[in-house]
Every structure is written in structure tokens, then in C-alpha cells.
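Structural overview for review
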Amino acid sequence: SITYTSNKSKRERVALSDEQMNIVEKYAMQTAPEIVVLLYSGLRRGEMLGLKHDDIDMKAKTISVKRSIADKKGGGIEEMPPKWNSYRIVPMHIKVYSLFKSMIIHSGFLFTNILGNVQSPNTWSNKFDRIITIIKENYPDFPDITPHDLRHTYGTYLRRQGMDVYSIQKILGHKDIKMTTELYVHNELDTLVSKMDAINKKIG
């Protein structure tokens, strides 16, 4: 895994490796498949919880980000615009498309609680933490991660696949390109070093 330091927080951002992404996917599919959506879409936690059936276009293979669910300070939840008003249409990764294709999608919110109501982000994060705890019991070296780290992981994953920073900005809904560049251009050095190592091995 790769770690980056955020200027806004002392906590290091975590970007999972491909192998670690596969581990999360394996465990998530059993009890919380919506984690796969976070892992392979770059949506924020509240944006994922705010998804409704008509935001999913299976024909075009896109997700429309129209709202975000947030916890109120005094209790309860509220529906808000996406952060920075980052309304956007996100192309589906094949794993997200396959997940939606396997689901029975009813009207209303996609990922509700057992009562069929929209979920509290904080309550949902507790479920996420329980799954990560189970993963760490089986993989002791697995890093401690938050839902937001899955968003960061996807941006890093796209960069590893060769996607340009401008496109990543549009998918993640960053306020400006500078934010995206500061986060994901770091990965270019890792790529350059590994490519040079490969060249050196051939020569040596």
C-alpha cells in the first residue's frame, strides 16, 4: 500500500494495492456490497448512501451524483448537495456494473438499512469498521482504513492504470485540479522508478 500525508490532517492517507483491493472486495461482497461501489467509483461515503435507483444508468454505464447524506449535529440525517456542489456523472467500473447488474434495484435509495430507510453515515461507518476488523484478523498486516481511504485508493488505482489527472479530477469531483495533482502525481515517481529498475535489470 502507498501512504500520503494530507495537509488538512495529521492522519496519513492510505491507498490500497491491487491485492488489498481484492481482499476488501471479497469480504465486502458477503455483507456490505456497497463497499465495492466506494472502492471502484471514488464516491464519497455520503454520496454512495445518497444514491437512488434513477441515478443508475445501466445502458450508459454511468452513475449520476446528485446528493449526499450527512449526519446532523443534533441527531438525525439530512440530504445535501455533494461536497463543493460537485454534481457529476461517473462512468462505471466493470466491477460496479456487475454488482448493480446482480442487484434487484427498487425505487428509492439503493443502500438502505434493514428497515428500508436511508442510512446514517456514522452508523454505516461502524459497519465498515467491523468488516475491516475481520479482514485484519485474517490479514494482520492489512492497514487501518476509513471509507474515505477507498476513495483515495480509487484515484490512485486510476493513476496506476494511466488515467490523466484531469479525468481523475472529474470522476472524484475535486474542487480544482491542484487538489488532484497534489494527491496523485506522487504516484508517477513510483512508476518511473519501477520502470527504470526494469530497464536496469535488462541491461545488468
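Relevant structure appears above.
Right, let's walk through the structure included here. (Residues numbered from 1 in each chain as written. Predicted model: local features only at pLDDT ≥ 70, side-chain atom pairs only at ≥ 80, totals over all residues. Heavy atoms only, no water.)

1. Topic: the environment of Lys 101
What counts here: The way it works is that DSSP assigns letters per residue, a run of H or I at least four long becomes a helix, a run of E at least two long becomes a strand, and they are numbered from the N terminus.
Within the element layout of this structure, Lys 101 appears in helix 4 (residues 94–102). Taking the C-alpha atoms as reference points, Lys 101 and Lys 59, 42 residues apart in sequence, are found 11 Å from one another.

2. Let's talk about the sheet that holds strand 3 (residues 56–57)
Hydrogen bonds between backbone groups are what pair the strands of a sheet, and the pairing can be parallel or antiparallel. Put simply, the test is: DSSP calls a pair of strands paired once it identifies at least 2 bridges connecting them.
Overall, antiparallel pairing links the three strands, which are arranged 3-4-7 in an open sheet. With one partner strand each, in any of the chains shown, strand 3 and strand 7 (88–91) form the two edges of the open sheet.

3. Details of the pattern of salt bridges
Stated formally: Salt bridges are defined as contacts in which a side-chain nitrogen from Lys or Arg sits within 4 Å of a carboxyl oxygen from Asp or Glu. Three labels apply to residues, based on accessible area from a 1.4 Å probe with only protein chains included: buried if under 20% of the type maximum, exposed if over 50%, partly exposed otherwise in between.
Applying the stated criterion across every chain, the model contains nine salt bridges. Among the ionic pairs, Asp 18 bridges to Arg 160, the shortest N-O distance being 2.5 Å. Linking Asp 18 in helix 1 (residues 18–31) with Arg 160 in helix 6 (residues 147–160), this pair joins segments that are 142 residues apart in sequence. Asp 18 sits in the partly exposed class, given a relative accessible area of 38%. Among the residues examined, Arg 160 registers a relative accessible area of 29% and is labelled partly exposed. A salt bridge links Glu 34 to Lys 127; its shortest N-O distance comes to 3.0 Å. Of this pair, Glu 34 sits in helix 2 (residues 34–39) while Lys 127 sits in helix 5 (residues 121–138), and the two are 93 residues apart along the sequence. Overall, Lys 127 belongs to the partly exposed group, its relative accessible area being 23%. Connected through salt bridges with shared partners, the residues Asp 55, Lys 66, Arg 67 and Glu 79 form a single ionic network.

4. Points about unusual backbone geometry
Phi is positive for Lys 61, close to 60°, though the residue is something other than glycine. Among the structural elements, Lys 61 can be located in the loop between strand 3 and strand 4 (62–65). Note on Lys 61: relative accessible area 40%, which makes it partly exposed.

5. Describing the packing of aromatic side chains
As a reminder, the rule being used: Pairing of aromatic rings covers Phe, Tyr and Trp, the last through its six-membered ring, and needs centres within 6.5 Å; plane angles under 30 degrees mean stacked, over 60 mean edge-to-face, and all others mean tilted.
The final tally for this structure, using the stated rule, is four aromatic pairs. Taking the centre distance of 6.4 Å and the plane angle of 85° together, the rings of Tyr 27 and Tyr 139 count as edge-to-face. Placement of the pair is Tyr 27 in helix 1 and Tyr 139 in the loop between helix 5 and helix 6, with a sequence separation of 112 residues. Aromatic side chains Tyr 40 and Tyr 157 sit 5.9 Å apart centroid to centroid with 90° between the ring planes, which places their arrangement in the edge-to-face category.

Treat this as a map of the structure, not an account of what it does.
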